[in-house]
Structures are given as C-alpha cells and as structure tokens.
Amino acid sequence: MDTRRFELNSPKIIGEVIDGEVMIIDLVSGIYYNLTGTSAAAWPLLVAGLPLHAVVESVGASCEADPAVITADLAVFADRLIGESIVRELGPTAEPAAAAPRLPEATYTGFGINRYDDMRALLVVDPVHEVGEFGWPPPPASATTSQ
Amino acid sequence: MIGDAFARGVLRDLVAVLERAAATRPVQVRRYRIAGVPVALHIGAAGVAQSMLHAIEPLACPEDTAPAELSLFVWDGARDGVTLPESPVLRREDAPEAGLGGYSGASLRAFYQPNAGVLSLFDAAARCAHWWLRDVATTPYYERAAPFKHVLQWWIAERGGALLHSAAVGVDGEGILIAGPSGSGKSSTALACVDAGFAFASDDYVLVDAKHPPTAHLAYATAKVMRESLARHQRHHRHFRNLARDDEKPMLFVHDAAPDQVGLSLALRGIVLPAVMHRATTRLVPIRSAEMLRALAPSSILLFPLAGDAAFRRMAELCRELPCWRAELADDPNDVAAALRGLLTPSQPLTVQAAR
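Just so we're clear, the structure is a prediction, and the values are computed from it rather than from any experiment.

Caption draft 1: Geometry of the overall build of chain A. Counting its secondary structure elements, chain A contains four helices and seven strands. Along chain A, helices (α) and strands (β) appear in the sequence β-β-β-β-α-α-α-β-β-α-β when read from the amino end. Put simply, of all contacts in chain A between residues at least 6 apart along the chain, 70% involve residues at least 24 apart.

Caption draft 2: Representation of the overall build of chain B in the model. For chain B, the helix and strand inventory stands at 10 helices and 17 strands. Taking 356 residues into account, the globule formula puts the C-alpha radius of gyration at 21 Å, and chain B, at 20 Å, falls close to it. The dimensions of chain B, computed from C-alpha atoms along their principal axes, are 60 × 40 × 40 Å. Taking all contacts inside chain B whose residues are at least 6 apart in sequence as the whole, residues at least 24 apart take part in 69%. When the accessible area of chain B is evaluated, it comes to approximately 13,500 Å², of which 51% is carbon and sulfur surface. Looking at chain B, you have 37 positive and 37 negative side-chain charges, and the mean spots of the two groups are 2 Å apart.

Caption draft 3: Looking closely at the pairing of strand 3 (residues 70-76) of chain B. Residues and elements named next belong to chain B. Counting buried positions along strand 3 gives six out of seven residues, so the element sits mostly inside the fold. Direction of pairing for strand 3 relative to strand 7 (residues 128-133): parallel, over a ladder of six bridges. Across the sheet, the residue bridging to V74 is W131, located in strand 7.

Caption draft 4: Region of interest: the sheet that holds strand 1 (residues 28-34) of chain B. Residue and element names in this part refer to chain B. Taking strand neighbours across the sheet as the criterion, the seven strands line up as 1-2-3-7-6-5-4 in an open arrangement whose pairing is mixed. Every interior strand has two partners, whereas the edge strands, strand 1 and strand 4 (102-104), have only one. Ignoring which end each strand starts from, the neighbouring axes of this sheet average 15° apart. Where strand 1 meets strand 2 (residues 37-43), seven bridges bridge the pair, whose relative direction is antiparallel. Within strand 2, the position partnered with R30 by the bridge is L41. Sitting on the sheet, helix 5 (residues 149-158) is in contact with strand 1, strand 2, strand 3, strand 5 (108-113), strand 6 (118-123) and strand 7, with an inclination near 20° to strand 6.

Caption draft 5: The nonpolar core, seen in detail. With 119 residues, the main nonpolar core has I25(A), L41(B) and F148(B) as its most contacted residues. A per-element tally of this core places helix 8 (residues 289-303) of chain B first, with nine residues. Among residues more than four places away in sequence, those in contact with I25(A) are K12(A), I13(A), I14(A), I31(A), Y32(A), A297(B), P298(B), I301(B), L302(B) and F312(B).

Caption draft 6: Fine view of helix 8 of chain B. Residue and element names in this part refer to chain B. Compared with an ideal rise of 1.5 Å per residue, which puts 15 residues at 21 Å, helix 8 spans 21 Å between its outermost C-alpha atoms and is within 8% of the ideal. A bend of about 30° at A297 is the largest found in helix 8, and the proline P298 appears one to four places after it. Burial analysis of helix 8 places 13 of its 15 residues in the buried class, which makes it a mostly covered element.

Caption draft 7: Looking closely at the pattern of salt bridges. In total, this model carries 28 salt bridges over all chains according to the counting rule given. Where E21(A) meets R294(B), a salt bridge forms, and the shortest distance between an N and an O atom there is 2.6 Å. With E21(A) in strand 3 (residues 21-26) and R294(B) in helix 8, the pair connects residues from two separate chains. Judged by its relative accessible area of 8%, E21(A) falls in the buried class.

Caption draft 8: Quick look at the packing of helix 8 of chain B against helix 9 (residues 308-321) of chain B. All names here are of chain B. In the contact formed by helix 8 and helix 9, the axes pass within 9 Å of each other and the chain directions differ by 150°. When the interaxial angle is binned, helix 8 and helix 9 end up roughly antiparallel. Taken as a pair, helix 8 and helix 9 cross one another with a handedness that is right-handed. On helix 9, the residues that touch S289, M292, L293, L296, A297, S300 and I301 of helix 8 are G308, A311, F312, M315, A316, C319 and R320. Residues that form the contact of helix 8 with helix 9 fall into these classes: 10 nonpolar, three polar and one charged.

Caption draft 9: Highlighting unusual backbone geometry. Of note, the amide linkage connecting S10(A) to P11(A) takes the cis form, showing an omega dihedral of 5°. Checked against the element boundaries, P11(A) lands in the loop between strand 1 (5-8) and strand 2 (13-18). Across the junction of H212(B) and P213(B), the peptide omega takes the value -5°, indicating a cis bond. Relative to the assigned elements, P213(B) resides in the loop between strand 11 (205-208) and strand 12 (215-218). A positive phi is found at F148(B), a non-glycine position, where the angle reads about 40°. By secondary structure assignment, the location of F148(B) is in the loop between helix 4 (141-145) and helix 5.

Caption draft 10: Summary view of the side chain of D80(B). Residue and element names in this part refer to chain B. Here D80 is to be found in helix 3 (residues 77-80). For the buried residue D80, which engages in no salt bridge, the nearest side chain bearing the opposite charge is R25, 6.2 Å off. Look past the residues within four positions of D80 in its chain and what remains in contact with it is R25, G44, A45, V74 and W75.

Caption draft 11: Molecular detail of the packing of helix 1 (residues 37-47) of chain A against helix 3 (residues 67-83) of chain A. All names here are of chain A. Direction vectors running N to C along helix 1 and helix 3 enclose 65°, while the axes themselves pass 12 Å from each other. For the element pair helix 1 / helix 3, the angle class is roughly perpendicular. Handedness of the helix 1/helix 3 crossing: right-handed. Residues S39, W43 and L46 of helix 1 lie in contact with helix 3, whose contacting residues are L74, F77 and L81.

About the criteria used
Residues numbered from 1 in each chain as written. Chains lettered and ligands numbered in written order. Predicted model: local features only at pLDDT ≥ 70, side-chain atom pairs only at ≥ 80, totals over all residues. Heavy atoms only, no water. Helix = DSSP H or I, 4+ residues; strand = E, 2+ residues; numbered from the N terminus. Contact = heavy atoms within 4.5 Å. Rg over C-alpha atoms; globule rule 2.2 N^0.38 Å. Areas by Shrake-Rupley, 256 points an atom, 1.4 Å probe, with all protein chains shown as cover. Lys, Arg positive; Asp, Glu negative; His and termini not counted. Charge placed at Lys NZ, Arg CZ, Asp CG, Glu CD. Buried < 20%, exposed > 50% of the residue type's maximum accessible area, 1.4 Å probe, protein only. Pairing = 2+ DSSP bridges. Axes fitted to C-alpha atoms, helices over the stretch in contact; angles between N-to-C directions. Core = buried A, V, L, I, M, F, W, Y, C linked by side-chain atoms within 4.5 Å. Expected span 1.5 Å × (residues − 1). Bend = angle between axes of the 7 residues up to and from the residue. Salt bridge = Lys/Arg side-chain N within 4 Å of Asp/Glu carboxyl O. Parallel < 35°, antiparallel > 145°, perpendicular 65-115°, else oblique. Left-handed = near helix turned anticlockwise from the far one by under 90°. Nonpolar A, V, L, I, M, F, W, Y, C, P; charged D, E, K, R; others polar.

Next up, the structure:
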C-alpha cells in the first residue's frame, strides 16, 4: 500500500482547476503544464495530501479500471510530479485516514501530463518583454505528453 | 543565492534612500486616475515626465483632489542624482539566481532589470512605490510604451485584479479582451477595431478589476505593431514612432492618432483568441474556458511572476465568467472588426460555429 502524501510545491508552483482541466505554472522555470481526464480528477485529492492508496480508491470507484493498473499508473504520475518539482512529499501522518472522497463517474484515461516550455524565455531575458522585432524570440513550440 | 532577509534589508535601506531623496529634492506632483483610482506621481525631473509618461497621458486628472491611494515616485538616476547602492542583491546579470530578479515579501515587492537599468519597488502597506531609471536617455523604448508596469501589476493584484497581457477594445462602454502571445495578432486586431471606430483600451497590457462582471481599464494608450504590418496602418503613419530604428517596434500613442477613441473603462463581455488564418471572412468559434486560460495565463503570469497565485486565480475567474471565442481572422481588417462588433451587439447576426 502506497502511503506517500504530497502537497503543492508553492510558492514556486501555482495551479488552477478549470473546466475539468488543471493548469499548473512553474514561476521559477517558466514551464507550464496541463492535466486532463483522470489526472485532472485526481489532482485535488493529491494536493490535498491524501495518501496515494486513498486516491487509488477514489479513482477506482469512479471508473471501470483494474486497481492494480491505477496503482501503478498513479505511482509513476506521482514520481513525475516530484521529478518536475510540482509537488513535494509530506511526512507520515498519525491522523486516521479520511474516507476517500467520491469522484464523478468517468472513463479512465491514465495519468497524463502535458508539459510546455515555450514561455521560458520570458523569465530568463532582460528586457522582460521586448527582445526583438517580434516580441520575445519565439522558441520552437514544444509540448510533450506522457502517459 | 541571496537570502530573503538580506534582500529585504537591502531593499528597505534602498526605500529609505529614495524617501530621503524625495524629501530633499524638488519634485512635481501629477495626479492620475488609474482604473478609476486616484494616484499621485511624484516626478523628480521634468525630462522624465515628458519622455516617459506619454503613454498614461489619457489617465491624467490634474484637478483631482481626492486622496491618492498610491504614491508613485519616478526617478531619473542620472539627473536626480539618485544612484543605487552597490549590492549583490542588485547585481543580477541575466540569470535570476545570480541576484535579485524579483523579491516578494509580505508587503515589499521589487523587480530589477539590470540591462534596462530599471528598478521597480512597491510597498503595499505604505501604498507607496518607486520606479527608478538609471538614465532616462538610455532607457529602452518599451519602458516608455508601458511605464512602471511591474508596480501596476502588484498594485492591481493587491486590489483583487490583474494586469493582463491582452488587448482590449469596445463599443459604447462594453468591451472584449483579445488574448494571446506577441505575434498572435492582438495589436493588428486592436488597431483594425480602432480604424472601425471602436474604443481602444489596450493592445498589450490591460488592467482588469475585481468586479463581477469585470471591467477592463486602460493602462497605456500605446499600440505597437510588427514592422511588416505597417502598410496596414497607413492611416496612422505620421503618428508612428521608432520608424527609423530597426531594433525597435513601431509604436504609436492612440490619444495622438485617434483622441476620441481612447476607452478608459470597458465592461467586459467576452474574451477572444485571435488566430491568423487568412480566411475570406472572420469566423468566431466558441472555445472552452480551459483553452482560453492556457492562452491567457502563461504569458501574463510569466511576464509578472511575482503577481503569482492571486493574478492566476483572477485570470481563471475571467475565463470562467466570460464567453470565450477563437477568432479565425480574415485578411480584411474591416471584416475582423465587423465580426468583433457582432460579439458586442448580438442583435446582429453572428458567424459562429459550435465548439469542436
């Protein structure tokens, strides 16, 4: 049973849930992310500090997916969030685990994260905005999705 | 890495230096209403006022006697004899971690642009700010286009609003935001609307207050365009500045070119994300609020990273509260303006497709 718990790595990271998606911005690196589907649904539970096994329980109750698959996918997702410094791990808690919140029924989509670094130049240049005829140099748009 | 306490101490000392300078040097006080709020600018040298503040001239309110809710001191270091102390805090050289890129404490905020020679300081509790320029004569043109924008974004965020990287135009006091990164067509769309008789509230930075429904307020009456699009704006040619400078964007001040079309405040009715599509007619496609936030927030937030969480929340609120559209642009600016006018006067038929 994975008992790891997490919180948002604020103030470096800010996040907003909107329209069933999550948008996350790293104010230090300029990288931003968005989550959709199951990862967006699970996000509020993750950053509220629920242990991963409770998140698995909530996600499992909301969709038809093998709990073992959810467990494995969520562990990879949590490692990715740690690796990107989006969340930080909390210490163990002595408090009894709260009941896993119910999530709306949905199709299981796995735990993808979209990562964008096309705005990083805004943070690393001076002048802050205008650095060329076309505004800041637009680096090639890069967006990667990993499942 | 500079420690927070050390940076705070240096900045507090710096504020004290600037306050002493303000008490001992002649300053002129100019009154403005920014987002409808009384603001006093204390200007240390006449040259600064003339050359740096033209973008906010439509906000001037010289007869205003209401107590100022923000006192902003504008310094020309070279002429006012106010230099910054030598300190590792102010020795940032391109890399934020090498010194002070920005500082955000409980009340004090600071942002330093060493290459431009610009320091912005804001003390929320004291309702006081400083905008220090190393030398007005060498300050980059983009600071003239949008003076003290970091101070403005801290100040409006304190009031529950946000400074957005967005254009805003309107008709009869109602307006729309035009979002998107530089080069996406914001300025051209905004000027197309000005040519069609719209009020102009921004082509790049706009203040949005905390009200529901929200109101956009002019921050700067500046419009900047890409050099290759100048031909589309021949009507205003004599008002464009920087035409002889290949390294600067042509810009004009809308109150010079179309003084009756400066829109100080616009009740917002929607947000548009332009897409240059070279269509025969402009098509407006409803999009989800999440898609609009992805277009609006990263550049707005990362241009002003110290505004952080509060500004991000306000942007998300705007995207939830207002209808969002992608405008697939025609080449004809009159057609673009007509399509956007249709959003503000819905009795006219719209060319709209359902969101995919």
